[in-house]
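# Examination of the molecular architecture
Now for the letters of each chain:
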Amino acid sequence: MRSFLRSLTAAVLLGGAGSAAAQPPSAGDCTAETHARLLQPVQDQPAAARAVWLDARTVRWPQAPLDSGRFVLYASRGASLTVRPGERVAGATDTVPLVGRSAALATPLARATRHVLPGATLSLARGGALPRMLLAGPLVLVREDGEGRVLAATHTQTARALDALYATAAESMTLGAQPVAGQRTRFALWAPTARHVAVCLHQGTEGARTVALRADTVSGVWAATVPEAPQGTPYRYLVDVHVPGTGIVRNRVTDPWSLALTANSAQSVVVDLADPMLAPPGWNRRRPPTLTHAVDQVIYELHVRDFSVQDERVPPAHRGKYLAFTDTASHGMRHLQALARAGVTDVHLLPVFDIATIPEIGCLTPDVRGTPAGEAQQATVMATAGSDCFNWGYDPLHYTVPEGSYATDAGAHQARIREFRQMVMALNAAGLRVGMDVVYNHTSAAGQSPQSVLDRIVPGYFHRLDADGRVETSTCCANTATEHRLMAKLMIESAVAWVRHYGISSFRFDLMGHQPRAAMERLQRAVNAAAGTAVPLIGEGWNFGEVADGRRFVQASQRALGGSGIATFSDRARDAIRGGSALDDGVAQVRHQGWVNGLGYAPNAERQQLDTPAADRDALRQAADLVRLGLAGTLRDYRFVTASGTVQAGAALRYGGQPAGYVHTPAEVVNYVENHDNTTLFDANVLKLPRGTTMDDRARVQLLASSLVLFSQGIAYVHAGQELLRSKSLDRNSFDSGDWFNSYDPTGARHGFGRGLPPRNDNAASWPLQRERLADATLVPSPATVGFTRAAFLDLLRIRASSSLFRLRTAGEVRTRLRFANVGRAQEPTVIAAHLDGRGLTGANFADLLYAVNADTVAHEVTVPWLAGAPLQLHPVLAAPTAADARVRSARWDRARGVLTVPPRTAVVWGRR
């Protein structure tokens, strides 16, 4: 914070108490070079905020002794409060005595504040709620002696008090800039702790003017209807607010409820998203493809820039942009059309909201060169990483505005709105619904950073704080607090806007486990109402950080979402199939083989040094059970004979000390083996497969893993390029690795392997083992190999689409229709075989389906005694002359014995009509 104060010293006017009121906002504040102006600096005050308001009447100071000294709350209408140990508090304008609370908290309040450690729990001595006016300045809780001298002191965390005092009224109000009749706009900003709020209107050559907003003391909303503020008017707010540890600051800040922005997010813009001028021709007549049930989804995860930046069939002005999706003859769109015809239902775009780390004007594309295993490429990429045109985008600045770098003219707010909609229309026309990856769990910055929006309006409210009052960062950045009602309102209304105004059909929530289940369920109801149909929600339900194990609320996490209908990604089958985990680094990435890449049957050199063959065979059996459970939708109550020889339910199997089966219905699980995070599947297999594995077998291993995803009950999720043997040159975290390491080419002509050592920051520990592999030219797939993999993957998609048996809707249907063969102690663990009973099921199209996946390097027989005598035929997709994989035709069904022979490293499907 000292560096912030130093940066402002030359530009601020420092005054004593009352100086803030003496300096009304002016047009100069709207155009000043600095984003903030210090009006009154802080005096000696505690550095931490350890006391927490549990509601508007009760505050707790964790670990503070209740029987030593007296407790007094000191406030100041200015910032001149001085609190020094051993002295009396000076500069207070208000003093509020507190008394110890003896009665237990009401159960709902106790549950909601269970993360606050025990300590002195205090209530206002005079009863009632905390006076609202006190929240506008420093609010310090002091334990003092009988003479009024400070024994200990702390700032207080006020978010729950703000919710109690203001949220009920504020939740029903429309926030942001709302155009009304006659060139007027109503501006409304929730800023309950602000001392003054004005809106800066930036009107071209006329400069800027300020209009004061009026406070509603019930809701905490500052608002005014301003004449001569038509659509297209850029605006920002001037918010005079007390910032703990700094003083009273005049923050110039954009609107958290922005619906449009100027280039580089410099200013918010007044806009009506229902304006016909912002709608491409046919927009209001569009109809996204229908989805009967959530389990019908096959999702293709794609990055807007990756998709087209190197596609020579895309006009140069469209490459890396929204409009590339309108170029229907491009390589990328033809590939998406083929995927849609085969069975992909949704394209999920990596973040396309306003991104903090991509310059919208003037971004760079470095000239990258070097040897296949050299360091030069990563050095070139990282030298411009902060100013190039690439980032995954998991650093939100404004949640409800399309990212400008993907528009052909980032300086025209209309362009990004209209072109985003053109992209959606083009994908819908290709038979694809459009989903988006949303990141409501954190912001790119907090505090007084120029890229902090929320925290400069209501300091300490929108973000989750730790025990000392610092912003939690377990998600990587400044964690938001969606358990606070106005942060939840922002999240929900943002999601509704994407559905209503941009045609978004589904969502993927980044680190959803950091959000309350209750907030996600409210969001689900809101987006369904906006769309007039179900909008599937999926997300990362990981359980970690300060919210882990329900410490603060019931999370939207894997084990806490059962029965909600909201789906989470399953790491159970993913890790069993690939081997290891997302946390592996260095040699662990090689040693931890999985079910498809050699565990227990084709050990690599590093694995041979780790375990005995017998131990690996046991590990293989356990992995096979997790693969079977994944095929059964990771259901907690699906029962089958496990490697122990006993019948067990999914919840009884273990995964990292947790129940492996946790899902209540198939619609609540997302099955995948690759996404944008971590190494691609191809790269993982480069590391884990024995070095002598042929490229043909590497392609087959890739297909085996993909078949397990597409044969699994639940939602299927595929990373763009998984079907193309996509490589990121072994990069395990390519979020800022530029176009070079994130290469995507659906033609197969350019492959991403051997593009140099990946960036040092996340890969240096692996460089020794990466270097020798990247130098091996035999590990670069030929275009023909990529073409084979693509074609065989399309066949797998067609098989999934051919029968509702791969998309069972209820846990009961999975229990009664799915049965595994080759199980128990005597199993051959390299082969997974399952029977699906289609009798009486709408859309089954088969009375029986039998599929088997053989990961081994040799053929195996699997006995399915209950199907003996059944006249099974090779699935029509695989039997067709156009089938990509000729090897499957060597599979044999011995009808008399009920024995299926499966070729090595092959997935086969047989059926009976």
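Bear in mind that the values here come from a model prediction, so they are computed numbers and not experimental data.

### Let's talk about the overall build of the protein chain
- Helix and strand counts for the protein chain stand at 22 helices and 41 strands.
- Taking 913 residues into account, the globule formula puts the C-alpha radius of gyration at 29 Å, and the protein chain, at 30 Å, falls close to it.
- Oriented by its inertia axes, the alpha-carbon framework of the protein chain measures out at about 95 × 65 × 55 Å.
- Relative to its full complement of 913 residues, the protein chain shows a buried share of 62%.
- Across the protein chain, contacts joining residues at least 24 apart in sequence account for 74% of those joining residues at least 6 apart.
- For the protein chain, the exposed area adds up to about 31800 Å²; of that, 52% sits on carbon and sulfur atoms.
- Within the protein chain, the 80 negative side-chain charges are centred at a point lying 4 Å from the centre of the 94 positive side-chain charges.

### As for the nonpolar core
- Grouped together as the largest cluster of nonpolar side chains are 237 residues, with contacts concentrated most on F187, F325, L336, F507 and W595.
- With residues near it in sequence (within four places) discarded, F507 still touches H348, M436, V438, A495, W498, V499, V527, V535, P536, L537 and I538.

### Some details on the sheet that holds strand β13 (residues 214-216)
- Read across the sheet, 4 strands follow the order β9-β10-β14-β13 without closing on themselves; strand pairing throughout is antiparallel. A strand with exactly one partner marks an edge of an open sheet, and here the two such strands are β9 (176-180) and β13. Strand-to-strand twist in this sheet, taken as the mean axis angle between neighbours without regard to direction, amounts to 25°.
- When strand β10 (residues 184-190) meets strand β14 (residues 221-226), the two strands line up antiparallel, connected through 6 bridges.

### Quick word on the side chain of T233
- Looking at the element boundaries, T233 is found in the loop between β14 and β15 (234-243).
- For T233, a relative accessible area of 6% puts it in the buried group.
- Within the structure, the side chain of T233 is placed 2.7 Å from the backbone oxygen of P230, a separation counted as a polar contact.
- Among all residues touching T233, those that are not within four sequence positions of it are L201, H202, Q203, S268, V269 and V270.

### Let's talk about the packing of aromatic side chains
- Per the counting criterion, the structure on display carries 27 aromatic pairs.
- Judged by centre distance (6.1 Å) and plane angle (80°), the ring pair of F682 and F753 falls under edge-to-face. Highlighted residues: F682 in helix α15 (residues 681-688) and F753 in the loop between α17 (738-741) and α18 (760-763), separated in sequence by 71 residues.
- We classify F682 as buried; its relative accessible area is 2%.
- Of the residues examined, F753 reaches a relative accessible area of 3% and is grouped as buried.
- Taken together through their ring pairs, the aromatic side chains of Y322, Y406, F420, W498 and Y502 make up a single cluster.

### Remarks on the packing of helix α9 (residues 485-502) against helix α10 (residues 517-531)
- Interaxial distance between α9 and α10 falls to 9 Å at its minimum, and their mutual angle equals 25°. The orientation of α9 relative to α10 falls into the category roughly parallel. The handedness of the crossing between α9 and α10 is right-handed. Where α9 abuts α10, its residues A488, M491, I492, A495, V496, V499 and R500 lie against A519, M520, R522, L523, A526, V527, A530 and A531.
- Looking at the contact of α9 with α10, its residues break down into 13 nonpolar, no polar and 2 charged.

### Digging into the state of the cysteines
- For the structure shown, the criterion picks out 3 disulfides.
- With a sulfur-sulfur separation of 2.0 Å, C363 is cross-linked through a disulfide to C389. On the sign convention where negative is left-handed, the bridge of C363 and C389, at about 90° about the S-S bond, is right-handed. Separated by 26 residues along the polypeptide, C363 in the loop between β20 (353-355) and α7 (376-383) and C389 in the loop between α7 and β21 (396-402) bring together distant segments of the chain.

### Overview of the sheet that holds strand β37 (residues 860-863)
- Strand order in this open sheet of 3 strands is β37-β40-β39, and the pairing throughout is antiparallel. Of all strands in the sheet, those with a lone pairing partner are β37 and β39 (892-894), marking the two edges. Neighbouring strand axes in the sheet, compared pairwise and without regard to direction, differ in orientation by 20° on average.
- The sheet contact formed by β37 and strand β40 (residues 899-902) spans 4 bridges and is antiparallel.

### Overview of the environment of R839
- Tracing the sequence through the fold places R839 in the loop between β35 (831-837) and β36 (848-854).
- Distance from R839 to A92, taken between C-alpha atoms, is 78 Å for residues 747 residues apart in sequence.
- R839 has contacts with R817 and A847, leaving out every residue within four places of it along the chain.

### As for α15
- Of all the 8 residues making up α15, 8 are buried; the element is thus mostly covered by neighbouring parts of the structure.
- Among all positions of α15, only L681, F682, D683, A684, N685, V686, L687 and K688 are buried.
- Residues of α15 that are buried in the fold lie against α11 (571-578), α12 (588-591), α16 (695-711) and α19 (767-774).

### With respect to the side chain of H413
- Looking at the secondary structure, you find H413 in helix α8 (residues 413-429).
- Ignoring sequence-local partners within four residues, the contact set of H413 consists of G232, A260, L261, V269 and V271.

### Overview of α9
- Taking 1.5 Å as the rise per residue, α9 with 18 residues should run 26 Å; its terminal C-alpha atoms sit 25 Å apart, in good agreement.
- Burial runs high along α9: 14 of the 18 residues are buried.
- Taken from the residues just after α9, G503 is the one with a positive phi, measuring 70°.

### Thoughts on the pattern of salt bridges
- Taken as a whole and assessed by the stated rule, the structure comprises 49 salt bridges.
- In this structure, R250 engages D240 in a salt bridge whose closest nitrogen and oxygen atoms are separated by 2.7 Å. Here D240 lies in strand β15 and R250 lies in strand β16 (residues 247-253), a separation of 10 residues in the sequence. In this pair, the class of R250 matches that of D240, namely buried.
- Each of D29, R37, D240 and R250 takes part in salt bridges that share partners, so that together they form one network.

### Topic: the packing of helix α6 (residues 331-342) against helix α20 (residues 783-802)
- Contact pair α6 / α20: the axes reach a minimum separation of 8 Å and the direction vectors enclose 35°. Contacts from H335, A338, L339 and A342 in α6 reach R790, F793, L794, L797, R798 and A801 in α20.
- Residues belonging to the contact of α6 with α20 are distributed by class as follows: 7 nonpolar, 1 polar and 2 charged.

Reading the values: the criteria
Residues numbered from 1 in each chain as written. Predicted model: local features only at pLDDT ≥ 70, side-chain atom pairs only at ≥ 80, totals over all residues. Heavy atoms only, no water. Helix = DSSP H or I, 4+ residues; strand = E, 2+ residues; numbered from the N terminus. Rg over C-alpha atoms; globule rule 2.2 N^0.38 Å. Buried < 20%, exposed > 50% of the residue type's maximum accessible area, 1.4 Å probe, protein only. Contact = heavy atoms within 4.5 Å. Areas by Shrake-Rupley, 256 points an atom, 1.4 Å probe, with all protein chains shown as cover. Lys, Arg positive; Asp, Glu negative; His and termini not counted. Charge placed at Lys NZ, Arg CZ, Asp CG, Glu CD. Core = buried A, V, L, I, M, F, W, Y, C linked by side-chain atoms within 4.5 Å. Pairing = 2+ DSSP bridges. Axes fitted to C-alpha atoms, helices over the stretch in contact; angles between N-to-C directions. Polar contact = N/O pair within 3.5 Å; in protein donor to acceptor, adjacent residues only side chain to side chain. Phe/Tyr/Trp six-rings, centres within 6.5 Å; stacked < 30°, edge-to-face > 60°. Parallel < 35°, antiparallel > 145°, perpendicular 65-115°, else oblique. Left-handed = near helix turned anticlockwise from the far one by under 90°. Nonpolar A, V, L, I, M, F, W, Y, C, P; charged D, E, K, R; others polar. Disulfide = S-S within 2.5 Å. Expected span 1.5 Å × (residues − 1). Salt bridge = Lys/Arg side-chain N within 4 Å of Asp/Glu carboxyl O.

Purely spatial values, then, with no claim about function.
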